[in-house]
Amino acid sequence: MTAREKALLLGLAEEMDEAGFESDADGVREYVSDDGAGWRSVGEFLAALQRDVWWHFGHVGDEEERPIYEAAERRIERVRDQLARANPAKCTKPSRLVIKRERAGAKLPALNITQSADAAGAALELIGDRAYEVFLVMYLNVRNCVIGYEELTQADMSGVAVTPSSLVRNALLAGARAVITAHQHPSGELSPSPDDEELWSKIERQMKAMDIVLLDNLIVTTAGYLSAAERTPTTWEQAGIDPDIRRSRKAKR
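Overview of the structure.

What counts and what doesn't
Each residue is numbered by its place in its chain's sequence as written, counting from 1. With pLDDT at 70 or above as the cut-off, local features in this predicted model cover only qualifying residues; side-chain atom pairs require 80 or more to be listed or tallied, and sums for whole chains, interfaces and linings still use all residues. The basis for every side-chain value is the complete set of heavy atoms in the structure, and neither hydrogens nor water enter the calculation. Elements are defined by DSSP. Helices are runs of H or I of four residues or more, strands are runs of E of two residues or more, and each kind is numbered from the N terminus. For every residue, the accessible area (1.4 Å probe, protein chains only) is compared with the maximum for its type, and the residue is labelled buried under 20%, exposed over 50%, or partly exposed between those bounds. In protein, a polar contact requires one atom able to donate a hydrogen and another able to accept it; more generally it is a pair of N or O atoms within 3.5 Å, and residues adjacent in sequence count only if both atoms are side-chain atoms. Should any heavy atoms of two residues lie within 4.5 Å, those residues are considered in contact. Aromatic pairing here means that ring centres of Phe, Tyr or Trp (its six-membered ring) are within 6.5 Å. Orientation follows from the plane angle: under 30 degrees is stacked, over 60 is edge-to-face, and everything else is tilted.

**What to know about the side chain of Glu77**
Relative to the helices and strands, Glu77 is located in helix H4 (residues 66–86). A residue is classified by how much of its surface remains accessible, and Glu77, at 16% relative accessible area, is buried. There is a polar contact of 3.0 Å between the side chain of Glu77 and the side chain of Arg177. When sequence neighbours within four positions are dropped, the list of residues in contact with Glu77 reads Gln50 and Arg177.

**As for the packing of aromatic side chains**
For the structure on display, the rule yields 2 aromatic pairs. With a centroid separation of 4.0 Å and an interplanar angle of 10 degrees, the aromatic rings of Tyr31 and Phe45 are classed as stacked. Placement of Tyr31 in helix H2 (residues 22–33) and of Phe45 in helix H3 (residues 42–60) is noted, with a sequence separation of 14 residues between them. A single burial state applies to Tyr31 and to Phe45, both of which are buried. For the ring pair Tyr225 and Trp236, a centre distance of 5.4 Å and an interplane angle of 35 degrees mean the geometry is tilted. In this pair, Tyr225 is assigned in strand S6 (residues 224–227) and Trp236 in helix H8 (residues 236–239), connecting sequence segments 11 residues apart. For the pair shown, Tyr225 and Trp236 are each scored as buried.

Function cannot be read off these values alone, since they describe shape.
This is the structure in structure tokens:
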């Protein structure tokens, strides 16, 4: 742990003390004293600290105290942002969080999302060849590194059924600052359906309420993808992506 990280964390501990979160403040000091032992990164520790704050609110807080808990979360977010700006993006391999049905070979390498094609390529690799619709969620940190991903639902011929509230809950549990969703249209149709548009709108509203950014919603087919943020269908050739990306990556191993 660097001197800069220790200084920011000890400052956070003082602020948490003043706000009445003594046990959390003690946890921060213990983390610094142990030099981060037992944690993969400062970011992982701070994400866990945020979850603890809201766990306490759910068990002992009430609505009148919500502003106090929100202020505590903002303090933690400020430290996370300061640390992110101080350290260049260095992504680690994301973890598979919740997948309803295991599927051999569908794993992502370390990935930093800088454009829609990056996310679309990842979605193609994970769900592009399914014969039925699957809803994929990628969770990102403040540096747009994918820290985890999951298939939120499996679907039958009637399409995908997704609960926005469960998506938001999982994003909070993952410590995500941003989210990208994707689902594929086995029919090859790249235009979003009215149900797609309605779902994207609901997800965006609920994410915004929790200060999580919905970066994009993607539709993926064997021919290409559509980014809801860009609204222009793009072929895999235009994106410079091999449509058989999983086979290509396997051949390179």
